[in-house]
Amino acid sequence: MTEQNFIIESKDVHLYYGKKEALKGVSLDFMPKEITALIGPSGCGKSTYLRTLNRMNDLIPDVTVTGTIKLNGKDIYSPKMDTVALRKEVGMVFQQPNPFPFSIYDNVAYGLNISGMKDKQKMDEIVEKSLRRAAVWDDVKDKLNKSALSLSGGQQQRVCIARVLAVEPEVILLDEPTSALDPISSAKIESMLVELKERYTIVIVTHNMQQASRISDKTAFFLQGDLIEMGQTRKIFTNPKEQATEDYISGRFG
Ligand SMILES: Nc1ncnc2c1ncn2[C@@H]1O[C@H](COP(=O)(O)OP(=O)(O)O)[C@@H](O)[C@H]1O
Ligand SMILES: [Mg+2]
């Protein structure tokens, strides 16, 4: 066994919405610069788990989280943790594209403006670089001052990804980012994610088995708040250890 340098380590994570236990002791680690897919039937806790990784559940009332989650060895639930900084390090993309009702440029520059960047030339460079990495530059380069809301859903989603990239995250969380999109837009986002993993660690929730098997290195299967198994994607899809995984990936439920 070689030494494993996980970027995120989560141990025995329980999450309660009020009294309802939505995560029942999940332990899951992530290697840098890999794509990990979280799969499982609706309601099994995929989104809930994803949100624990950048403390987005903190925004929901009456949520209790126990266990530990470390990013680069630091406990992200420590009272000392700056959650604004954490959410820059660990960016998030949602199912429904959620651009702000601003220009394309201002959407991508948003985080830079917030952090007080004044250097316009530097900002232009970062906006362009982020849009290029998000594979949407050619679509928008001639209309950066147009409203992001004028774009197609697939373009909006890629602009939202560019907005996350602009603040230089280490980890990108995506919650079913293509499930509201057509197949061509989805394919563009899939190939973009495979390119992005050269620089970023990616965790993606997907209910699309083909998508998980096409783009992810590792797959984690959740069921009713438990992590059932996690491993190399090829192994999970061809020779899983657990019967429940086999049943799910072969379409027997879910
Ligand atoms: N904000 C919330 N308040 C209360 N219960 C929630 C909330 N969000 C999710 N849940 C519940 O937690 C469980 C896991 O939900 P979720 O993480 O959204 O599952 P998935 O993403 O796998 O479909 C479900 O039973 C769901 O109803
Ligand atoms: Mg979900």
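Below: a short report on this structure. Every value quoted in this text rests on a predicted model; they were computed, and no experiment measured them. (Residues numbered from 1 in each chain as written. Chains lettered and ligands numbered in written order. Predicted model: local features only at pLDDT ≥ 70, side-chain atom pairs only at ≥ 80, totals over all residues. Heavy atoms only, no water.)

1. Remarks on helix H6 (residues 153-166)
Here is step 1 of the chain: With 14 residues, H6 should reach 20 Å at 1.5 Å per residue; the first-to-last C-alpha distance of 20 Å fits that figure.
Here is step 2 of the chain: Taking burial as the measure, the 14 residues of H6 include 13 buried ones, the bulk of the element.
Here is step 3 of the chain: Of the residues trailing H6, Glu 168 is marked for its positive phi of about 55°. (Helix = DSSP H or I, 4+ residues; strand = E, 2+ residues; numbered from the N terminus. Expected span 1.5 Å × (residues − 1). Buried < 20%, exposed > 50% of the residue type's maximum accessible area, 1.4 Å probe, protein only.)

2. Section: the site of ligand 1
Here is step 1 of the chain: Taken together, 13 residues are adjacent to ligand 1, and Gly 43, Gly 45, Lys 46, Ser 47 and Thr 48 come closest.
Here is step 2 of the chain: In the model, an oxygen atom of ligand 1 is placed 2.8 Å from a nitrogen or oxygen of the Ser 47 side chain.
Here is step 3 of the chain: The separation between an oxygen atom of ligand 1 and a polar side-chain atom of Thr 48 is 2.5 Å.
Here is step 4 of the chain: Protein contacts shield 63% of the accessible area of ligand 1, which totals 560 Å² for the unbound molecule.
Here is step 5 of the chain: Elements that contribute at least two residues to the shell around ligand 1 include exactly strand E2 (20-30) and helix H1 (46-52). (Near = heavy atom within 4 Å. Polar contact = N/O pair within 3.5 Å; in protein donor to acceptor, adjacent residues only side chain to side chain. Areas by Shrake-Rupley, 256 points an atom, 1.4 Å probe, with all protein chains shown as cover.)

3. Examining the nonpolar core
Here is step 1 of the chain: One finds Leu 131, Ile 161, Leu 193 and Leu 196 to be the most contacted residues of the largest nonpolar core, which totals 43 residues.
Here is step 2 of the chain: No other element matches H6, which puts six residues into this core.
Here is step 3 of the chain: Once residues within four sequence positions are removed from consideration, Leu 196 is found in contact with Arg 133, Ile 161, Leu 165, Ile 172 and Ile 202.
Here is step 4 of the chain: Core analysis: the second largest hydrophobic core is formed by 27 residues, Phe 30, Leu 50, Leu 53 and Met 92 among them. (Core = buried A, V, L, I, M, F, W, Y, C linked by side-chain atoms within 4.5 Å. Contact = heavy atoms within 4.5 Å.)

4. Considering the environment of Gly 18
Here is step 1 of the chain: One can find Gly 18 in the loop between strand E1 (8-17) and E2.
Here is step 2 of the chain: Look at Gly 18 and you get partly exposed, because its relative accessible area is 29%.
Here is step 3 of the chain: Between the alpha carbons of Gly 18 and Val 63 there is a distance of 6.1 Å; along the sequence they are 45 residues apart.

5. Remarks on the sheet that holds strand E6 (residues 90-93)
Here is step 1 of the chain: The mixed open sheet is built from six strands, whose spatial order is E6-E7-E8-E3-E9-E10. On the outer flanks of this sheet lie E6 and strand E10 (226-232), each paired with one strand and no other. Strand-to-strand, the axes of this sheet are offset by a mean angle of 15°, without reference to chain direction.
Here is step 2 of the chain: Bridge count between E6 and strand E7 (residues 171-175): four bridges; the pairing is parallel. Residue pairing for E7: Met 92 is matched across the bridge by Leu 173.
Here is step 3 of the chain: Packed onto the sheet, H6 meets E6 and E7 and runs at close to 170° relative to E6. (Pairing = 2+ DSSP bridges. Axes fitted to C-alpha atoms, helices over the stretch in contact; angles between N-to-C directions.)

Just distances and angles here, no functional claims.
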